[in-house]
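# Per-entry structural report
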Amino acid sequence: MRKIIQEKLNEGKVLHFSLFDPDKVDLESIYSIALKLVESGTSGFLIGGTLGVSKEKLDSIIEILEDFEVPKIIFPSNVNLITEKADAILFMSLLNSDDIYYITGAQLIAAPIIKKLKLESLPTGYIIVGHGGTAAHVGKARVIPYDNIELIVAYSIMAELFGMDFVYLEAGSGAPEPIRPSVISITKKYLENSKIIVGGGIRNEEIAKELALAGADIIVTGNIIEQNLEKALKIVKEISNIRR
Ligand code: 1GP
């Protein structure tokens, strides 16, 4: 999985990942929504959410998505969301948390489980910025202001120095403002290996394109898929056509 993602990114593509929050999606409609997203060019399904997520619902979603060749990747909020049904898991550390549980504690519990299940893990430094949403509250993040480029860059470099493949800059689900493109373009200059994932509050193709051109490697959208599918599909198409 890591190889497939890296290869696509190395071809100069920018990827779009569709986020399904098991607490919000409707099992009846998810297949047809996923089909439209795939036809529009989405490259990955992230499945996860912070509150109200059960492993049963997570498993049901992955089963419904089974037919699609697009990778199904767990976006975990805790150790209960590990399933062998997925293709991979974002093995995340919430780097700007004040609580060691979210930095290495949950990961310690998860590590032997992931190994046993032979689940591929994608090492990811998760950094919460700006609004932060529910993830910031639950994860006890020391949220970085949107405009504090120095801190965002320092955390991102730290993730890279730790050898993490991905730096996930998260503004929080439903954030009124996404991560700023100017922040992405500066952060990008400092990273030689780690790829940048950006999510939180991305609601239209203009901002998605700006973020991609600024250097985001993977754009994640969640809420907009539920709220306005047509808009979400426009974002996916816009991103899938970008070559850098
Ligand atoms: C993924 O939390 C985001 O990083 C998703 O945010 O739901 O606002 O798109 P939205």
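Residues numbered from 1 in each chain as written. Predicted model: local features only at pLDDT ≥ 70, side-chain atom pairs only at ≥ 80, totals over all residues. Heavy atoms only, no water.

Applicable threshold: UniProt positions are given in the numbering used here, feature names are shortened, and annotations may be inferred rather than shown by experiment.
Going by the annotation in UniProt, the name recorded for the protein is Geranylgeranylglyceryl phosphate synthase, with Sulfurisphaera tokodaii given as the source organism. Taken from UniProt, the Catalytic activity comment for the protein reads in full: "sn-glycerol 1-phosphate + (2E,6E,10E)-geranylgeranyl diphosphate = sn-3-O-(geranylgeranyl)glycerol 1-phosphate + diphosphate". The protein has a UniProt comment under Cofactor that states "Mg(2+)".

## As for the UniProt feature "binding site: Mg(2+)" in the protein
Rule in force here: Labels follow the DSSP assignment, with helices taken as runs of H or I lasting at least four residues and strands as runs of E lasting at least two, numbered in each case from the N terminus. Buried residues are those whose accessible area, probed at 1.4 Å on protein chains only, stays under 20% of the maximum for their type, while exposed residues exceed 50% and partly exposed ones sit between those limits. Here a residue-residue contact requires only that any non-hydrogen atoms of the pair lie within 4.5 Å.
UniProt's feature table lists "binding site: Mg(2+)" at D21 and T50, given in the numbering used throughout. These residues run over 30 residues, yet every pair of their C-alpha atoms falls within 8.3 Å of each other. Here D21 is to be found in the loop between β1 (15-20) and α2 (30-40). With a relative accessible area of 15%, D21 lands in the buried category. Setting aside residues up to four positions removed in sequence, D21 forms contacts with G48, G49 and V53. Looking at the secondary structure, you find T50 in the loop between β2 (44-47) and α3 (55-65). Residue classification places T50 among the partly exposed residues on the basis of a relative accessible area of 31%.

## So, the packing of aromatic side chains
Cut-off, in case you're wondering: Any Phe, Tyr or Trp ring, taking Trp's six-membered ring, that has another such ring centre within 6.5 Å forms a pair; planes under 30 degrees apart are called stacked, those over 60 apart edge-to-face, and the others tilted.
All chains considered together, the criterion is met by seven aromatic pairs. Their ring planes at 40° and their centres at 5.5 Å tell us that F20 and F45 sit as a pair that is tilted. Taken together, the residues F20 in strand β1 and F45 in strand β2 connect sequence positions 25 residues apart. Here F75 and Y126 contribute two aromatic rings whose centre-to-centre distance is 5.9 Å and whose plane-to-plane angle is 85°, an arrangement assigned as edge-to-face. Taken together, the residues span a long stretch of sequence, with F75 in the loop between β3 (72-74) and β4 (88-94) and Y126 in strand β5 (residues 120-128) at a distance of 51 residues.

## Thoughts on the side chain of E160
Worth spelling out the cut-off: For the purpose of counting charges, residues Lys and Arg are taken to be positive, whereas Asp and Glu are taken to be negative. His and the chain ends are not included. Salt-bridge detection follows one rule: a side-chain nitrogen of Lys or Arg within 4 Å of a carboxyl oxygen of Asp or Glu.
Following the sequence through the fold, E160 ends up in helix α6 (residues 149-161). Buried and unpaired, E160 has no salt bridge, with K195 as the nearest side chain of opposite charge at 8.5 Å. Look past the residues within four positions of E160 in its chain and what remains in contact with it is Y190, L191, E192, N193 and S194.

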